[in-house]
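In case you want the letters, here they are:
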Amino acid sequence: SDVCSSDLSSSIPDYKPPVQNTSTSGHPNLADRRAGQLCSTEAPVVRRATSVSECARRMRENGADCVLVEENGTLCGIFTDNDMVRKVVSAKKDPLTTAVEQVMSSKVFTIPPDCGILQAVLIMMDNKFRHMPVVKDGATFGLLYMHHCIAAVLSQLRTTAQIGRASCRERV
């Protein structure tokens with residue numbers, strides 16, 4: 001279900017194109033960034049009948065820790081490295097014969113590309129998600145990774161710190 005278009009949507013400001021994606025200091029402002037700008041558009045996608053072993057191979061090939069599960073162009077699940085450990089390995093299921101639909105997370109929360117990054121991070125933290133599919137007009141647009149969000153926050157902090165240091169040097 002699309003969490004940004006549910007009851008949480010009232011707290012998300014109207015989308016404004018990121019033409020002026022800067023703060024008053026002229027540097028990128030994380031509060032203005034949108035999920036569609038930060039998400040990966042190359043997330044591996046598999047079908048429900050795909051074996052867990054094949055999912056693992058696709059994850060390795062793509063340097064990803066999850067795959068999106070789609071059927072007939074519709075997102076129907078997500079399968080993560082945690083699912084593999086908890087639902088396959090520890091349950092002693094055979095990855096060669098276990099279909100991903102048997103062990104995927106089928107309750108998938110999604111956000112639209114215009115969902116603000118800060119709102120997306122709060123949703124991910126509240127629900128303990130490391131990945132959040134980004135969906136536009138019913139089709140998968142991309143995948144937002146928590147580590148990309150953290151990298152964006154750290155980048156903003158570094159920029160702010162550099163501005164602060166420069167300002168301190170100017171005063172001395």
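Quick caveat: nothing in here was measured; it's all calculated off a predicted structure. Throughout this description, residue numbers start from 1 for each chain and increase along the sequence as written. Totals for whole chains, interfaces and linings use every residue, but because this is a predicted model, local features are given only for residues with pLDDT of at least 70 and side-chain atom pairs only at 80 or more, for both listing and counting. Heavy atoms throughout the structure, all of them, feed into the side-chain values; hydrogens and water do not.

What about the overall build of the protein?
Note the threshold: A helix here means a DSSP run of H or I that spans at least four residues, while a strand means a run of E at least two residues long, and both kinds are numbered starting from the N terminus. Pairs of residues are marked as contacts when any of their non-hydrogen atoms sit within 4.5 Å. Calculation of accessible area relied on Shrake-Rupley with a 1.4 Å probe; when residues are assessed, cover is drawn exclusively from the protein chains displayed.
Looking only at helices and strands, the protein has 5 helices and 5 strands in total. Walking the protein from its N terminus toward its C terminus, one meets helices and strands in the order α-β-α-β-β-α-α-β-β-α. Residue pairs in contact within the protein that sit at least 24 positions apart in sequence constitute 57% of those at least 6 positions apart. Carbon and sulfur atoms make up 52% of the accessible area of the protein, which totals about 10100 Å².

Let's talk about helix α4 (residues 117-127)
Inclusion rule: Burial status follows relative accessibility: with a 1.4 Å probe on protein chains alone, a residue under 20% of its type maximum counts as buried, one over 50% as exposed, and anything between as partly exposed.
Looking at α4, one finds that the buried residues are I117, Q119, A120, V121, I123 and M124. A positive phi of about 60 degrees marks K128, the residue just after α4.

Observations concerning the confidence of the model for the protein
In plain terms, the rule: Looking at any residue, its pLDDT shows the predictor's confidence there, from 0 to 100.
On average, residues of the protein score 82 in pLDDT, and 78% of them reach the 70 mark or higher. Note that residues 1-25 has pLDDT below 50 and, in this model, 45 contacts with residues that lie over four places away or in other chains.

Digging into the pairing of strand β2 (residues 66-71)
Definition in use: For two strands to be treated as a pair, DSSP must find at least two bridges joining them.
Where burial is concerned, most of β2 is hidden: 5 out of the 6 residues are buried. Across 2 bridges, strand β1 (residues 45-46) lies against β2 in parallel orientation. Along β2, the bridge assignment pairs V45 with L68. Summarising the sheet, β2 and strand β3 (residues 74-80) pair through 6 bridges and their orientation is antiparallel. Paired with V67 across the two strands is F79, which belongs to β3. Between β2 and β3, which pair antiparallel in sequence order, lie 2 residues; one of them, N72, sits at a positive phi of approximately 55 degrees.

A few points about the packing of helix α2 (residues 52-62) against helix α3 (residues 81-89)
Test applied: Note on definitions: angles span 0 to 180 degrees between N-to-C directions of axes, and those axes are lines fitted to C-alpha atoms, for helices only across the stretch in contact. Here the angle decides the label: under 35 degrees means roughly parallel, over 145 means roughly antiparallel, 65 to 115 means roughly perpendicular, and every other value means oblique. Each helix crossing is assigned a hand: it is left-handed if the near helix lies turned anticlockwise from the far helix by less than a right angle, otherwise right-handed if that turn is clockwise.
Close contact between α2 and α3 brings their axes to 11 Å; oriented N to C, the two are set at 150 degrees. Taken together, α2 and α3 sit at an angle that is classed as roughly antiparallel. Seen along the crossing, α2 lies across α3 with a hand that is left-handed. Contacts between α2 and α3 involve V52, A56 and M59 from the former and D81, M84 and V88 from the latter.

Regarding a nonpolar patch on the surface
Our working definition: Patch construction takes residues with relative accessible area above 30% that form no salt bridge. Like charges are linked within 9 Å, and nonpolar side chains (Val, Leu, Ile, Met, Phe, Trp, Tyr) are linked within 5 Å. By definition here, a salt bridge exists when the distance from a side-chain nitrogen of Lys or Arg to a carboxyl oxygen of Asp or Glu is within 4 Å.
Nonpolar side chains collect at one region of the surface, where I150, V153, L154 and L157 lie side by side and expose about 320 Å² of accessible area between them. Inspection of the secondary structure puts L154 in helix α5 (residues 146-171). Note on L154: relative accessible area 38%, which makes it partly exposed.

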